[in-house]
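Summary of the model geometry
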Amino acid sequence: MSMNPILEVEALTLSSRANPKLVHNVSFSIGKGETLGLVGESGSGKSLTLRAILGLLPQGIEQTGGQIKSSVSSAMVFQDPRGSLDPLCPVVKQLAEVISYRQGLSRRASRQAALELLEVLGLPLSLRQKDRYPSQLSGGQCQRVVIALALACKPGILLCDEPTTALDVTVQEQIIETISALQQELGFAMVFVTHNLAVASAMCSRLCVMRQGQIVEQGDTLSLLQAPQDAYTQMLINSVLPVPVLEGGEQR
Amino acid sequence: MKTISAHNLTGPSRKSQGTLRRILKNPTLLGGIIMLAILVLLAILIPVISPYDPSAQDLRAFLQPPSAEHWLGTDQLGRDLFTRLIYAARTDLTIMVLAEIIPFCTGVFLGMLAGYYGKWIDNIISLVTDTFVAFPFYLIVIIVAFASGAGQRGIFITFMLVGWIVFARVTRGVTVSLRQQEWVASAQTLGLSGIRIMFRHILPNVLPQAVVVLMTDMVGLLVAIVTLGYLGIGIAPPTPDWGTMISDGQSFITTAWWLSAMPGLAVVYTGIALSLVGDGLADLWRRR
C-alpha cells in the first residue's frame, strides 16, 4: 500500500435489485503516479468499480456500502473508442469544447490547445487540419482522441476501462506505449481495467484480481504473476501465458 | 479501378462530397423539393401570374368550365378557380408552417428532457403524452377549435396544445437510446453540463428523426386545417382555403366537379410533396 494514497476505495459494495453483490467488499488504494491493474473475467465487476469511482453508475445499480475517497479529479477512457465520441461532431471541435469548458479558454485558444494536444497524441496532421468526424477515423485514432479528451480534464487519476480491447494487436501496443509515455510525462495515476494479463503486467505495478465482484488476490505485479496464491489467479495465468511462449517467449 | 483507389487515398470526406450533390442523387428528395418549390413559387407569384382578384365576384361568368381565360373554370360566384386555389395555398401553407414551428420546438425540447433526465420528468411528460394519444386526434381538434372559436386563432391554439405530442414521443425515444451510448456517459465524465450535452450533442443526433416526423406531421396538419375548413370551423370565408372551397363546390358536384376536385387534388399534391421530402431526408440521413 502506498504512503499517501490519492484514491482510496474501502469495502465498496455495489448492488442492483437482482444481485445485491455485484461488487462486494472491494478495497484498494493508489498513490501518486502509480498504476493499478484490475484484472478478471467479464462480469467480475471491474468496470462497475471504475464507474463507481467516477460516480457514473448505470441506472438501477447503487452503492450500498463502503466509501470512495479521492483527493484528485479523475477522467475515464472507455472500452469502445468510436462509441465514446459524438458521431455527429467533428473530433477537434469535441476536444476544443471540453478544453474550453474545463480550462475556461476562449474558442480560438481552446481550438489551438486541442490541436496541440492531438499532436502530442500523435494524430496525423490531416486529421487536425480538416474537420473530421469519428466515423472517418480508425479505431486507434479514435482512441487517441478519447485519451486526449480525458487528458483535457488534467486528471490526477486516469481510469482506463479496457482501452485496448476493441483494437488490433499492433494498435494496442501503440496505444499502450502512448499512455505509458504520457503517464511518465504528466505523472497521473492510473487504474487500468483489463482482462489481458500481458497488457496488465506491462502497464501496472500492482494488480487486483477480481472474480464475481470480489478481489480474490491483490499484490505486486511480479510476485503475483510468479507466485499466484489463489486458485483463480493461477487459472487466469495459465489460460494466458501459453500464447507468448508459442510466439517466442524464450527471448523474454 | 484507378479512380476508386485514388478516391480511397484522399479519404472519404463527408463535407467535400457536398450536400447539394447528395440531394441531386436522391430522386425522392429531389422530386419532393421540386414539387414543393413549384407550389411555393406559384403562391408567391400568383398576383403577377393571374389578372384576377381571388374574391372579386363576376356573376355574369359563374360556373364556367376550364378555358384559356379561366384555366380551371370559375365557381358559383364567378371567381377564377385557379387564382383562388393558389391564394388558398398561401393561406393554408402559411398556417401549416406557422402552426408547426412552436409545437416542433417544444416537443423536441420536452422529449429530450424526458429522455435525458428520466425519472419524474419523464414520468410527467410521458403521462401527458400518453393521455393525449389515448384520445382520437380529431375529437380533440374539433373540441378545441369550437371552444377557441373558428378561424386561424382556433387552429393555432389547437396545435399549440396537441401538436407537440408526436415530436415529444419520437424525440424521447431517440434520446433514451442515445442516452445508453457510451459517448453521452463520456461527455458527462468530462464534466459537460446536462443542458450542454442535450443541446450541443443530443440535439444534432435527434434532429434528423424529428424533422422526418415533422414532414409527415405537416401533411396531417394540412389535412386537419382543410377538414376544419370543410366543416366550417376553420378558416372563415372570404379568405380562400381549400377546405371551404371543397365544401362550397359540393353542391355543384354533378355539373362542375372541378370545383371540389381541384382543391382536393391540391391537398393530395402537397401531401405527396411533403411525404417525398420526408422520405428523402430519412434516406439521406440514414446513409450518413
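Quick note: structure is the one above.
Residues numbered from 1 in each chain as written. Chains lettered and ligands numbered in written order. Predicted model: local features only at pLDDT ≥ 70, side-chain atom pairs only at ≥ 80, totals over all residues.

1. Points about the overall build of chain B
Just so we agree on the cut-off: Runs of E in the DSSP output that reach at least two residues are strands. Runs of H or I that reach at least four are helices, and both are numbered from the N terminus. Burial in this document is a count-based property: other C-beta atoms within 10 Å of a residue's C-beta are tallied, and the residue is buried at 20 or more, exposed at 12 or fewer, or partly exposed in between, with C-beta positions derived from the backbone.
Within chain B, the secondary structure is distributed over 13 helices and zero strands. Each helix (α) and strand (β) of chain B, taken in turn from the N terminus, gives the series α-α-α-α-α-α-α-α-α-α-α-α-α. For chain B, the C-alpha atoms occupy an extent of roughly 75 × 60 × 30 Å along the three principal directions. Here chain B holds 288 residues, and 39% of them are scored as buried.

2. Things to note about the overall build of chain A
Where we set the bar: Within these notes, the globule rule equals 2.2 Å times the number of residues to the 0.38 power, and the radius of gyration is based on C-alpha atoms. What counts as a contact here is a pair of residues whose C-beta atoms, placed from the backbone, lie within 7 Å.
Summing up its helical and strand segments, chain A has 10 helices and nine strands in all. Taken over the C-alpha trace, chain A has a radius of gyration of 19 Å; the compact-globule value for 252 residues is 18 Å, and the two agree within 12%. Oriented by its inertia axes, the alpha-carbon framework of chain A measures out at about 55 × 45 × 35 Å. Taking as baseline every contact in chain A between residues at least 6 positions apart, the subset at least 24 positions apart corresponds to 68%.

3. Observations concerning the interface of chain B and chain A
In many analyses, interface size is given as the accessible surface area lost on bringing the parts together. Here is the rule we go by: We call Asp, Glu, Lys and Arg charged. Ala, Val, Leu, Ile, Met, Phe, Trp, Tyr, Cys and Pro are nonpolar, and the rest, Gly among them, are polar.
Taken together, the contact pairs 18 residues of chain B with 21 residues of chain A. Secondary structure elements with two or more residues in the side of chain B that touches chain A: helix H2 (14–17), helix H10 (182–189) and helix H11 (194–231) of chain B. Broken down by element, the residue count for the side of chain B that touches chain A peaks at six residues, all from H10 of chain B. A breakdown of the residues in the side of chain B that touches chain A according to their chemical character gives six nonpolar, nine polar and three charged.

4. Observations regarding the packing of helix H5 (residues 139–152) of chain A against helix H6 (residues 169–186) of chain A
Residues and elements named next belong to chain A. Our working rule: Fitted lines through C-alpha atoms serve as axes, helices being fitted only where they are in contact, and the angles separating the N-to-C directions of these axes extend from 0 to 180 degrees. Should an angle fall under 35 degrees it is called roughly parallel, over 145 degrees roughly antiparallel, and 65 to 115 degrees roughly perpendicular, with every other angle called oblique. Rotating anticlockwise by less than a right angle from the far helix to the near helix defines a left-handed crossing, while the corresponding clockwise rotation defines a right-handed one.
It is the contact of H5 with H6, at a shortest axis distance of 10 Å, that shows an interaxial angle of 20°. As far as their axial angle goes, H6 and H5 are roughly parallel. For the crossing formed where H5 meets H6, the hand is right-handed. Each of Gly-139, Gly-140, Gln-143, Arg-144, Ile-147 and Leu-151 in H5 lies in contact with H6, whose residues at this interface are Val-171, Gln-174, Ile-175, Thr-178, Ile-179 and Leu-182. The class makeup of the residues in the contact of H5 with H6 is six nonpolar, five polar and one charged.

5. Side note on the environment of Ser-27 of chain A
By secondary structure assignment, the location of Ser-27 of chain A is in strand S2 (residues 23–30). Setting aside chain neighbours within four positions, we find Ser-27 of chain A in contact with Val-9, Glu-10 and Ala-11 of chain A.

6. Considerations on the sheet that holds strand S1 (residues 7–16) of chain A
All names here are of chain A. How we decide: Here, a strand pair is defined by DSSP locating no fewer than two bridges between the strands.
Overall, antiparallel pairing links the three strands, which are arranged S2-S1-S4 in an open sheet. Bordering the open sheet on either side are S2 and strand S4 (61–70), each of which pairs with just one other strand. Across the sheet, the mean angle from the axis of one strand to that of its neighbour is 10°, orientation sign disregarded. Sheet topology note: the S1/S2 ladder contains five bridges and is antiparallel. When the sheet's bridge partners are listed, Leu-12 is paired in S2 with Val-26. Running at roughly 115° to S1, helix H1 (residues 46–54) makes contact with S1, S2 and S4 of the sheet.

7. So, the nonpolar core
Counted only if it meets this: What we call a nonpolar core is a set of buried Ala, Val, Leu, Ile, Met, Phe, Trp, Tyr and Cys residues whose membership is set by joining through C-beta atoms within 7 Å.
One finds Leu-95, Ala-148, Ala-150, Ile-157 and Val-191 of chain A to be the most contacted residues of the largest nonpolar core, which totals 135 residues. Other than its neighbours up to four places away in sequence, Val-191 of chain A contacts Ile-30, Leu-36, Leu-38, Leu-50, Ile-157 and Leu-159 of chain A.

8. Some thoughts on H5 of chain A
Residue and element names in this part refer to chain A. Just so we agree on the cut-off: Working rule for helices: expected span equals 1.5 Å times residues minus one.
Between its terminal C-alpha atoms H5 stretches 20 Å, which fits the 20 Å expected from 14 residues at 1.5 Å a residue. In terms of burial, H5 is a largely internal element, 13 of the 14 residues being buried. Looking one or two residues past H5, Lys-154 carries a phi angle of roughly 45°, positive in sign.

9. Points about the pairing of strand S8 (residues 206–211) of chain A
Residue and element names in this part refer to chain A. Extensive coverage of S8 is indicated by the burial of five of its six residues. Across five bridges, strand S3 (residues 35–40) lies against S8 in parallel orientation. Of the residues in S8, the one forming a bridge with Gly-40 is Met-210. Looking at chain direction, S8 and strand S9 (residues 214–220) are connected through six bridges and run antiparallel. Bridged to Arg-211 within S9 is Gln-214. Count of turn residues in the S8/S9 antiparallel hairpin: two residues, of which Gln-212 carries a positive phi of about 50°.

10. Quick word on the environment of Thr-270 of chain B
Residues and elements named next belong to chain B. Relative to the elements of secondary structure, Thr-270 occurs in helix H13 (residues 258–286). Expressed as a C-alpha distance, the spacing of Thr-270 and Ile-165, which sit 105 residues apart in the sequence, is 23 Å. Ignoring anything within four residues of it in the chain, the contact list for Thr-270 reads Leu-39 and Leu-222.

11. Overview of the pairing of S1 of chain A
Residues and elements named next belong to chain A. Connecting the antiparallel pair S1 and S2 is a turn made up of six residues. The pairing of S1 with S4 spans eight bridges and is classified as antiparallel. Bridging across to S4, Leu-7 finds its partner in Ser-70.

12. Concerning the sheet that holds S9 of chain A
All names here are of chain A. Taking strand neighbours across the sheet as the criterion, the six strands line up as S5-S6-S7-S3-S8-S9 in an open arrangement whose pairing is mixed. Here the strands that pair on one side only, and so sit at the sheet edges, are strand S5 (74–77) and S9. Going from strand to strand, the sheet's axes swing by 15° on average, the running direction of each strand aside. Inspection of the sheet shows strand S6 (residues 157–161) paired to strand S7 (residues 189–194) by five bridges, in the parallel sense. Within S7, the residue paired with Ile-157 across the bridge is Ala-189. Where H1 meets the sheet, it contacts S3, S5, S6, S7 and S8, and its direction lies at approximately 150° from that of S6.

13. Observations regarding the environment of Arg-196 of chain B
Its location among the elements puts Arg-196 of chain B in helix H11. For the pair Arg-196 of chain B and Pro-238 of chain B, spaced 42 residues apart in the sequence, the C-alpha separation amounts to 48 Å.

14. Overview of the packing of helix H7 (residues 137–148) of chain B against helix H8 (residues 152–162) of chain B
All names here are of chain B. For the pair H7 and H8, interaxial distance at closest approach is 8 Å and the crossing angle is 135°. By the angle between their directions, the pair H7 and H8 is classed as oblique. The way H7 lies across H8 gives a crossing that is right-handed. Where H7 approaches H8, its residues Ile-140, Val-141, Val-144, Ala-145 and Ser-148 are matched on the opposing element by Arg-153, Gly-154, Ile-155, Ile-157, Thr-158, Leu-161 and Val-162. Among the residues making up the contact of H7 with H8, the classes are represented as eight nonpolar, three polar and one charged.

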